[in-house]
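Listed below are the residues making up each chain.
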Amino acid sequence: MSDILSGQFSPKFSNFYDLMRFRVTEILLVSSLYDAFVLEEDGSLVDKLFTEYIDLNLRFIPRITTVSSAEEAFKKLRRRDLRFDLVLMTPHIPDMDIFEFGKKVKSIKPQMPVILLSYEPVNENFLFKIRSEKKSIDRVFYWFGDKKILLAIAKYVEDRKNLKNDSKHGVSLILLVEDSPWYYSYFFPILYKEILEQTRYLLKDSANELQKFLRIRARPKIILVDTYEEAKKFFDTYKSNLLGVISDVRFPKSGKKVDDAGFQFASYVKDKLPDIPFLLQSDEEENREKAYSRGLAFLDKNSENLEAELRQFLLNHFGFGDFVFRLPDGTVVGKAGTLREMAEVIKSVPDESVEYHATRNHFSIWLRARTEFELAERLRPKKVSDFKSTAELKEFISNEIKRFLDRRDAGIITDFSFSHFDEEHNFIKVGSGSLGGKGRSIAFLNTLVSSEERLKNIKGVEIKIPDTLVICTEVFERFIKDNNLFKRAIETDNDNDVVEMFLNARFPDTFVVSLKDFLKNLNQPIAVRSSSLLEDSQNLPFAGLYKTFMLPNNSEDFNIRFKQLIDAIKLVYASVFFQAPKRYSRNSNYRIEEEKMAVVIQKIVGQQYGDIFYPVISGVAQSYNYYPFEPLKHEDGICNIALGLGKIVVEGGETYSFCPKYPDIQPPYSSPTEFLKNSQKKFYALDLTSSEKDVVNNEEFDLRVCDLKRAEKDGTLFYVGSTYDATDGVIRDNILIDGYRVITFSHILKHKKFPLPEILSELVDVCKKGIGTEVEIEFAVDFPKKRSFDGNFYLLQVRPMVSGKEFAEVEISEEDRKKALISSSYVLGNGVIKNLRHIVFVKPDKFSPVKTLEIANEVAKVNELFEESEEEYVLV
């Protein structure tokens, strides 16, 4: 130890000039148009990054250059006049597999960090491939709609690059051991926010703007590793700089996941640094007592207060925030928020408290967290036994701090604030967080139709989205937390109990005012639709598992209208915890605890016809046709349309199918009578007489099923109907003669009185290019009551669809073919499912459509049997 009592301690800010030599100033974002839009769903991506940097007083704000293809990216990377520090890519690059893209980037720029930012979960095989192919993708992060992840990614790359140099100057680090992208994407922003806010908090100990600026360079670094070997390597190398460790319990060791890897690593660390703060985090509650018995802190990943508990641990153990003087039993006896306060308070606190903190290096940890490295290093080697008394120890610490402060004047910085809100007149949002799957797709469509010239005025038809409000995931989280619903809802195995629980819960007051203002200006029917994070995931979509409610919104009593809206929102929230999504998640790599729900409130397209409301046409268009017939091809796509609300289309009812490229080709029925037999005979409409009804857990509670006579009376059959003439066995393209009414859409598809095929062809192509994969589009068309085809086209939703064209290397040997039970050259996808022992087979010769429900019930019983035994099976 150097002689610190005889000399003056002078802060060496000149050392700070050597810190943070590498900065992320230029980011190349490679994504499809849709993926880029998802990242900008609640404002400009650049604005988000700018806002976060300004809020935290960071001066170097990265610039983002966006390209929509691998080809464009390579051109940028090869240009000598451009220098990028980070390549950030999204899951869907239209012209190249993401692993191949990563390898190509590394071949052009070997040291270039390549980060995948995904808004949908990735499976374990994908992560294993990343770990085993380090020369492709460096790390996967998830986008939860929180702008802080962008800051965290930039800082993650900077910390990795600067660690070796900055550690020589005493900069501290926190080691995070976690192999789940879902969790470290959640933890990272919290950790960086606390570190950067702590850094900003201590800026008032700086003498001038230059010192404040330099101090930011010295903030603690966060080093993320995902294997035991990597964690051990970093600990051995940088243990003298370590503030503490946050570790998962289960993570890979020697290439395999080990259930107690975290405990093994904790023992290794504690053996060399007994006083180092070590936090174990796990989703298995039984690990809590194991951690406590070994003197480790524990954090339950399932905790409703996860962020608050993590933050509290950082404040208590990593030296963040105020220094809290405690007695060995935990009693608080003093507090110091600044160095000057520390110099004074330490004189008056009980000796027992000072001895408690000094023997555990708490003073040096606190100083190191505040970037006072030299002072921290002077105190760290000191032992209580080095002093004649505790009073002498107190005097020593106080004097060292005062010597430091006497050489500078304290300065206070005023925090900057920056806000940005870009509100489209027909798309608004409430709360923060993510818009969810449906919400972001609608927002993307809104941007697309307003900017894409190809979609403007196709034969005079305006393409638009209905007026939409999205209640973001923050509101869901607040609702769950404020009413303590999470644990009860997870554990409840009866949907009706969940419904009652949610309907009786209180909606957050903060957002009630906004929703009331919205509803007061809306006097037509609305749809309240689920928009969860996982709902439109391409890997494992949760679509169809959650609720949608149609509301007439026509009561003269505003309180009734508002209650119906709030109840519908609550029921959408409740559907997250119903048995179907719970079972679905158990059979996947995802947990229902990871789900977050946004809600889309959208004007229903259509018009009032007496006591009902509906559009003339609803439909779903897919860019890829799984089952084409000559001359149609897979890539020509397919569309299903129907009269009335789209429920009949979504549920696979009797609809009309056509290919937008060949609209004249009718469905392959053998005769007009077969066409008549399979055509639409009923349609869904919203029952406007249900204005006073309570919303119940039944999506059809205010829907009405109507026949074609009602459509003819309303005048809507005029646009879509024809007549089957039984006298000569033909279908005639009008409804002016007697006969059986049949829906053929001939006026639109055959006689081209409305350009629906042209609109869908352009729209599908634009969306497909924008999203970077095959797409499915929901839409509606409405016409005026004056028997004119001057209709309006409304886009309701777009989502990625699995087409079977995803990139994957599959090698099937001749030996594999011989062993195969079943083989086919036409499949909907590929993958590996292990431990299969059972096949549940529905015999084709015994199958009858009239017994579908009975068969389904039998299959359900078999499914329950295998669920209880936790065995996998194939249903054929």
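Residues numbered from 1 in each chain as written. Predicted model: local features only at pLDDT ≥ 70, side-chain atom pairs only at ≥ 80, totals over all residues. Heavy atoms only, no water.

Here we take up the nonpolar core. Counting residues in hydrophobic clusters, the biggest one holds 149 residues, and the most contacted among them are F101, L756 and F793. No other element matches helix α7 (residues 181–201), which puts nine residues into this core. Contacts of F101, omitting those with residues within four sequence positions, involve V30, A70, A73, F74, V87, M89, I93 and M96. Judged by nonpolar contacts, the second largest core, of 45 residues, contains I526, I566, A568 and V572. (Core = buried A, V, L, I, M, F, W, Y, C linked by side-chain atoms within 4.5 Å. Buried < 20%, exposed > 50% of the residue type's maximum accessible area, 1.4 Å probe, protein only. Helix = DSSP H or I, 4+ residues; strand = E, 2+ residues; numbered from the N terminus. Contact = heavy atoms within 4.5 Å.)

So, about helix α23 (residues 558–575). Look at α23: 26 Å from first C-alpha to last across 18 residues, which is about the 26 Å you get at 1.5 Å a residue. Among the 18 residues that make up α23, 15 are buried, leaving the element largely enclosed by the rest of the structure. Where α23 begins, the capping side chain belongs to D557, and its oxygen is found 2.9 Å from the backbone nitrogen of N559. (Expected span 1.5 Å × (residues − 1). Polar contact = N/O pair within 3.5 Å; in protein donor to acceptor, adjacent residues only side chain to side chain.)

In this section: the pairing of strand β24 (residues 638–643). With respect to burial, β24 is a largely interior element, five of its six residues being buried. Sheet analysis places strand β23 (residues 617–622) next to β24, joined by six bridges and oriented antiparallel. Pairing of I617 across the sheet is with L643, part of β24. (Pairing = 2+ DSSP bridges.)

Looking now at the sheet that holds strand β1 (residues 26–30). Strand order in the open sheet formed by five strands is β2-β1-β3-β4-β5, and the pairing between neighbours is parallel. Edge strands, defined here as strands with exactly one partner in the open sheet, are β2 (63–67) and β5 (139–142). Ignoring which end each strand starts from, the neighbouring axes of this sheet average 25° apart. When β1 meets β2, the two strands line up parallel, connected through five bridges. By the bridge assignment for β2, V30 is matched with V67. (Axes fitted to C-alpha atoms, helices over the stretch in contact; angles between N-to-C directions.)

Here we come to the side chain of K647. Considering the arrangement of structural elements, one finds K647 in helix α25 (residues 647–650). Apart from the residues within four sequence positions on either side, K647 is in contact with Y684, E700 and L703.

What follows is about the packing of aromatic side chains. This model, assessed by the stated rule, comprises 41 aromatic pairs. Ring geometry for F235 and F265: centres 6.4 Å apart, planes at 85°, overall edge-to-face. In this pair, F235 is assigned in helix α9 (residues 228–238) and F265 in helix α10 (residues 261–272), connecting sequence segments 30 residues apart. For the residue pair F235 and F265, the accessibility class agrees, reading buried in each case. Geometrically, the ring pair formed by F502 and F577 is tilted, given 5.7 Å between the ring centres and 40° between the ring planes. A residue pair is termed long-range when its members are at least 10 positions apart, and F502 in helix α21 (residues 495–503) and F577 in the loop between α23 and α24 (579–586) qualify at 75 residues. Per residue, the accessibility class of F502 equals that of F577, and both read buried. A network of ring pairs unites the aromatic residues F476, F479, F486, F502, F507, Y573 and F577 as a single cluster. One residue, K104, lies across the ring of F74, its end atom 6.0 Å from the ring centre. The cationic tip of K382 hangs over the ring face of F396; the distance from NZ or CZ to the ring centre is 5.6 Å. (Phe/Tyr/Trp six-rings, centres within 6.5 Å; stacked < 30°, edge-to-face > 60°. Lys NZ or Arg CZ within 6 Å of the ring centre and 35° of its normal.)

A separate point is the confidence of the model for the protein. Of all residues in the protein, 84% have pLDDT values of 70 or greater, and the mean over the chain is 82. Every residue in residues 206–210 scores below 50 in pLDDT, and together they form 11 contacts with partners more than four places removed in sequence or on other chains. A low-confidence stretch, residues 407–425 stays under pLDDT 50, and its non-local contacts, those more than four residues away or across chains, total 38 contacts. (pLDDT = per-residue confidence, 0-100.)

Let's shift gears to the sheet that holds strand β6 (residues 173–177). In spatial order, the strands read β7-β6-β8-β11-β12; together these five strands make up an open sheet with parallel pairing. Taken across any chain shown, the strands that pair with only one partner, and hence form the sheet edges, are β7 (221–225) and β12 (297–300). If you compare each strand with its neighbour and ignore which way they point, the axes differ by 20° on average. Of the pairings in the sheet, the one linking strand β8 (residues 242–248) to strand β11 (residues 278–282) comprises four bridges and is parallel in character. By the bridge assignment, I246 is partnered in β11 with L279.

With that settled, consider helix α3 (residues 70–78). Burial in α3 covers these residues: A70, A73, F74 and L77. Taken down its axis, α3 places every buried residue within 95° of arc, on the same side. Turned more than 90 degrees from where α3 packs its buried face, E71 and K75 sit exposed. The inward-facing, buried residues of α3 contact β1, β2, β3 (86–89) and α4 (98–108). (Arc of directions from axis to C-beta.)

Turning our eyes to something else, we now look at the pattern of salt bridges. For the coordinates displayed, the defined rule picks out 46 salt bridges. A salt bridge links E230 to R160; its shortest N-O distance comes to 3.3 Å. Pair noted here: E230 is in helix α9 and R160 is in helix α6 (residues 148–167), with a separation of 70 residues, a long-range link. For R160, a relative accessible area of 28% corresponds to the partly exposed category. A salt bridge links R704 to D687; the shortest N-O distance between them is 2.9 Å. (Salt bridge = Lys/Arg side-chain N within 4 Å of Asp/Glu carboxyl O.)

A word on the environment of A73. Counting through the fold element by element, A73 comes out in helix α3. Measuring from C-alpha to C-alpha, the distance between A73 and L28 comes to 7.6 Å, with 45 residues separating the pair along the chain. Apart from residues lying up to four places away in sequence, A73 is in contact with L28, V30, V67 and F101.

Between α21 and α23, whose axes approach to 9 Å, the crossing angle comes to 135°. Looking at the two axes, α21 sits oblique to α23. Here α21 runs over α23; the crossing is right-handed. Contacts between α21 and α23 involve V498, V499, F502 and L503 from the first element and D567, K570, L571, Y573 and A574 from the second. Residues belonging to the contact of α21 with α23 are distributed by class as follows: seven nonpolar, no polar and two charged. (Parallel < 35°, antiparallel > 145°, perpendicular 65-115°, else oblique. Left-handed = near helix turned anticlockwise from the far one by under 90°. Nonpolar A, V, L, I, M, F, W, Y, C, P; charged D, E, K, R; others polar.)

Glancing now at unusual backbone geometry. Each neighbour pair has its own omega, and for E630 with P631 the value is 0°, a cis peptide bond. Relative to the assigned elements, P631 resides in the loop between β23 and β24. Unusually for a residue other than glycine, S254 sits at a positive phi of about 55°. In the Ramachandran plot, F745 falls in the positive-phi region, its phi being about 55° despite a non-glycine side chain. Following the sequence through the fold, F745 ends up in the loop between β30 (740–743) and α29 (746–749). Take F745: its relative accessible area is 1%, and that puts it in the buried class.

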